[in-house]
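# Architecture at a glance
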Amino acid sequence: MTALLSIRDLSVRYRRDGAEVAALNGVSLEVEAGERLAIIGESGSGKSTLALAIAGLLARSAKIGGTIEWSAGQLQSSHSFKTSAGPLLGRDIGFVFQDPSSSLDPVMTVGKQIAEVVNTHLGLGWSQSLARAKTLVERVRLPDPQAALRAYPHQLSGGQKQRVAIAAAIATAPKLLIADEATSALDTIVQAEIVALIRRLVAEDGMTLIFISHDIALAATLAERIAVLRHGELVEVGATEKIINAPRQAYTRALLDAHLGLDAEPLLDRQGALT
Ligand SMILES: Nc1ncnc2c1ncn2[C@@H]1O[C@H](COP(=O)(O)OP(=O)(O)OP(=O)(O)O)[C@@H](O)[C@H]1O
């Protein structure tokens, strides 16, 4: 497999109340083209910071060290990207946030906001952009796509809004989709539906997926590989089955135990396959 991006010795510090907070410390990680990688860890472990750094979305005030390099040919532009170089083009990376309301414009219809992404990043004319928005709304299986295109975000449920946010994120056919706690605000059934949607879209479009979650069980249902962050450091990375069956770190074991303590559902069936 080819690496889509190589993260080398990445460190990020924020300033808060006059003091520095180390959010990431010496993180090195390769992301393979076409893989589904989960990044897990407790709240505050640095997951969002890593996602934002990859997308070039960190606040300017953040102090960044190390590099994030993209392989030549894997992206349309920017074959070598340093973390300090600013955001990457929106068309190469799709980003889905936890709260769809924060990424959707409340006073613009769903159809127009998806079309606007297409129009801005792909340079298609407005009628072509609207046509593409319709296809996208169908692809994310919003009920009654025609009505959905005319709806405003507040007229949709949380799960439906997240479907719209996903449609907008994949509108430019990005190589990489980053979902940062994209299902955390949803109830369990809707969460499972959104995970299934992400899995299908990633497979259909051959995207690379970085799935950020505090929930190791949820991450295991989607990812082929899991990276574990703790206090801003990457403590373990490996194939999902290995991480679930034989974690090397006590911290990973504790994350697994926390899941088992809360939920009687086994993570693995008797054959060792993920249930
Ligand atoms: N903009 C910011 N300014 C100051 N400190 C920040 C900022 N963003 C994050 N931090 C701090 O950096 C550390 C890592 O935060 P980050 O949000 O990356 O973790 P996380 O694992 O995504 O947590 P959560 O799941 O709660 O979002 C935390 O100590 C957090 O308080």
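Residues numbered from 1 in each chain as written. Predicted model: local features only at pLDDT ≥ 70, side-chain atom pairs only at ≥ 80, totals over all residues. Heavy atoms only, no water.

### A short note on the overall build of the protein chain
Secondary structure summary: the protein chain contains 10 helices and 9 strands in total. The buried share among the 275 residues of the protein chain stands at 47%. Looking at the protein chain alone, contacts between residues at least 24 apart form 64% of all its contacts between residues at least 6 apart. Entry remark: accessible area of the protein chain is about 13000 Å², with carbon and sulfur atoms responsible for 50%. (Helix = DSSP H or I, 4+ residues; strand = E, 2+ residues; numbered from the N terminus. Buried < 20%, exposed > 50% of the residue type's maximum accessible area, 1.4 Å probe, protein only. Contact = heavy atoms within 4.5 Å. Areas by Shrake-Rupley, 256 points an atom, 1.4 Å probe, with all protein chains shown as cover.)

### Some remarks on the packing of helix 3 (residues 110-122) against helix 4 (residues 126-139)
Put simply, helix 3 and helix 4 touch, their axes get as near as 8 Å, and they point 120° apart. With respect to their mutual orientation, helix 3 and helix 4 come out oblique. Judged by the sense of rotation from one axis to the other, the crossing of helix 3 with helix 4 is right-handed. In this structure, helix 3 contributes Val-110, Gly-111, Lys-112, Ile-114, Ala-115, Glu-116, Val-118, Asn-119 and Leu-122 to the contact, and helix 4 contributes Trp-126, Ser-129, Leu-130, Arg-132, Ala-133, Leu-136 and Val-137. In the contact of helix 3 with helix 4, the residues fall into 10 nonpolar, 3 polar and 3 charged. (Axes fitted to C-alpha atoms, helices over the stretch in contact; angles between N-to-C directions. Parallel < 35°, antiparallel > 145°, perpendicular 65-115°, else oblique. Left-handed = near helix turned anticlockwise from the far one by under 90°. Nonpolar A, V, L, I, M, F, W, Y, C, P; charged D, E, K, R; others polar.)

### Regarding the confidence of the model for the protein chain
Mean pLDDT for the protein chain: 88, with 87% of residues reaching 70 or above. Helix 10 (residues 250-262) is the least confidently modelled element of the protein chain, averaging 79 in pLDDT, while strand 3 (residues 36-40) averages 98, the highest of any element. Predicted confidence is poor over residues 74-87, with pLDDT under 50, and the contacts of this stretch with residues over four places away or in other chains come to 39 contacts. (pLDDT = per-residue confidence, 0-100.)

### Remarks on the site of the ligand
If you check the shell around the ligand, you find 13 residues, and the closest are Ser-43, Gly-44, Lys-47, Ser-48 and Thr-49. A distance of 2.6 Å separates an oxygen atom of the ligand from a polar atom in the side chain of Ser-43. The contact in question runs from an oxygen atom of the ligand to an N or O atom on the side chain of Lys-47, over 2.9 Å. For the ligand, whose unbound accessible area comes to 630 Å², protein coverage reaches 65%. Where the shell around the ligand is concerned, the elements lending two or more residues are strand 1 (3-16), strand 2 (19-32) and helix 1 (47-55). Take the shell around the ligand: its biggest share by element is 3 residues, from helix 1. (Near = heavy atom within 4 Å. Polar contact = N/O pair within 3.5 Å; in protein donor to acceptor, adjacent residues only side chain to side chain.)

### Brief notes about the sheet that holds strand 2
The 3 strands are arranged 2-1-4 in an open sheet whose pairing can be described as antiparallel. Taken across any chain shown, the strands that pair with only one partner, and hence form the sheet edges, are strand 2 and strand 4 (63-70). Along the sheet, successive strands turn relative to each other by an average axial angle of 10°, direction set aside. Summarising the sheet, strand 1 and strand 4 pair through 7 bridges and their orientation is antiparallel. Across the sheet, residue Ile-7 finds its bridge partner in strand 4, namely Ile-68. (Pairing = 2+ DSSP bridges.)

### Considering the nonpolar core
Membership of the largest hydrophobic core comes to 36 residues, with the highest contact counts inside it found for Ile-114, Ile-166, Leu-177, Ile-198 and Phe-211. Every element with two or more residues in this core is listed here: helix 3, helix 4, helix 5 (145-150), helix 6 (158-169), strand 6 (176-180), helix 7 (188-205), strand 7 (208-213) and helix 8 (216-222). With 6 residues, the single largest contributor to this core is helix 7. Sequence-distant contacts of Phe-211, that is, excluding residues within four places in its chain, are made with Leu-37, Ala-38, Ile-39, Ala-179, Thr-183, Val-195, Ile-198, Leu-218, Ala-219 and Leu-222. Leu-5, Ile-7, Ile-178 and Leu-229 belong to the second largest nonpolar core, which has 28 residues in total. (Core = buried A, V, L, I, M, F, W, Y, C linked by side-chain atoms within 4.5 Å.)

### Some points on helix 7
Helix length check: helix 7, at 18 residues, gives a terminal C-alpha distance of 26 Å against a target of 26 Å (1.5 Å per residue), a fit within 8%. Those residues of helix 7 not exposed but buried are Gln-191, Ile-194, Val-195, Leu-197, Ile-198, Arg-200, Leu-201 and Val-202. As for helix 7, its buried residues are in contact with strand 3, helix 4, helix 6, strand 6, strand 7 and helix 8. Capping the start of helix 7, Asp-187 holds a side-chain oxygen 3.1 Å from the backbone nitrogen of Ile-189, two or three residues further along. Note on helix 7: the residue one or two positions beyond its end, Gly-206, has a positive phi of about 65°. (Expected span 1.5 Å × (residues − 1).)

### Some remarks on the pattern of salt bridges
Enumeration over the complete set of coordinates arrives at 12 salt bridges. Across the salt bridge formed by Glu-204 and Arg-200, the nearest N and O atoms sit 3.3 Å from each other. You can see Glu-204 and its partner Arg-200 sitting in helix 7, 4 residues apart, about one turn around the helix. Here Arg-253 and Asp-257 are joined by a salt bridge, their closest N and O atoms 3.5 Å apart. Here Asp-257 and Arg-253 lie together in helix 10, a separation of 4 residues that amounts to about one turn. (Salt bridge = Lys/Arg side-chain N within 4 Å of Asp/Glu carboxyl O.)

### Some details on the environment of Thr-208
As for its placement among the helices and strands, Thr-208 is situated in strand 7. On a C-alpha basis, the gap between Thr-208 and Glu-32 in space is 7.6 Å, while along the polypeptide they are 176 residues apart. Those residues in contact with Thr-208 that lie beyond four places of it in its chain are Leu-4, Val-31, Glu-32, Ala-33, Gly-34, Glu-35, Lys-175, Leu-176 and Leu-177. Reaching out from Thr-208, the side chain makes a polar contact with the backbone nitrogen of Gly-34 at a distance of 2.8 Å.

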